[in-house]
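Understanding the architecture of this molecule
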Amino acid sequence: MTDPSPDHRPVVRAVPHPGELDARGIPITCAHCHARRDWLLLNVLHQVFVRCRCAHEWEEPDLTRAYFDQHFTEPEHEWENYDDAMTALGFDGLLAGTIWS
């Protein structure tokens, strides 16, 4: 198998989600800082990841691609790399513990 070219990298769609997520019927909580809201949802192919303001990120199997598609809006910006995107969106860990009202 050959390495994928840069032109064929999977698309990452990112959507801020300020509220709680309760795909399992109970609120999802960050295992690192115990936050219960203010997430960044990331979709890569069929997987959905949740990223916290503290920069902890995990695949959330209870959030389906259909759930993501239901909440997805058109991206406002494009970035050259993942780290720049996380910094620009405020999910790089700098704002850990910050809650927007």
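Residues numbered from 1 in each chain as written. Predicted model: local features only at pLDDT ≥ 70, side-chain atom pairs only at ≥ 80, totals over all residues. Heavy atoms only, no water.

**Here's the deal with the confidence of the model for the chain**
On average, residues of the chain carry a pLDDT of 80, and 80% of them reach 70 or more. Put simply, helix H1 (residues 65-71) is where the chain has its lowest mean pLDDT, 81, and strand E4 (residues 57-59) is where it has its highest, 94. (pLDDT = per-residue confidence, 0-100. Helix = DSSP H or I, 4+ residues; strand = E, 2+ residues; numbered from the N terminus.)

**Topic: a negative patch on the surface**
Judged by side-chain charge, Glu80, Asp83, Asp84 and Asp92 come together as a negatively charged surface patch. The topology assignment puts glutamate 80 in the loop between H1 and helix H2 (82-89). (Patch = residues over 30% accessible without salt bridge, like charges linked within 9 Å, V, L, I, M, F, W, Y side chains within 5 Å. Areas by Shrake-Rupley, 256 points an atom, 1.4 Å probe, with all protein chains shown as cover. Salt bridge = Lys/Arg side-chain N within 4 Å of Asp/Glu carboxyl O. Lys, Arg positive; Asp, Glu negative; His and termini not counted. Charge placed at Lys NZ, Arg CZ, Asp CG, Glu CD.)

**As for the packing of aromatic side chains**
Within the structure shown, the criterion is met by one aromatic pair. Ring plane angle 85° and centroid distance 5.7 Å describe the contact between tryptophan 39 and tryptophan 58, whose orientation is recorded as edge-to-face. One end of the pair, tryptophan 39, is in strand E2 (residues 39-44); the other, tryptophan 58, is in strand E4, and 19 residues separate them in sequence. Both residues of the pair, tryptophan 39 and tryptophan 58, count as buried. It is arginine 53 that lies over the ring of phenylalanine 91; its NZ or CZ is 4.1 Å from the centre. (Phe/Tyr/Trp six-rings, centres within 6.5 Å; stacked < 30°, edge-to-face > 60°. Buried < 20%, exposed > 50% of the residue type's maximum accessible area, 1.4 Å probe, protein only. Lys NZ or Arg CZ within 6 Å of the ring centre and 35° of its normal.)

**Observations concerning the pairing of strand E1 (residues 12-17)**
On any regular strand, side chains alternate: one points to one face of the sheet, the next to the other face. Only one face of E1 is covered, namely the face carrying Arg13, Val15 and His17; the face carrying Val12, Ala14 and Pro16 is uncovered. Across six bridges, the pairing between E1 and E2 is antiparallel. Across the sheet, residue proline 16 finds its bridge partner in E2, namely leucine 40. (Pairing = 2+ DSSP bridges.)

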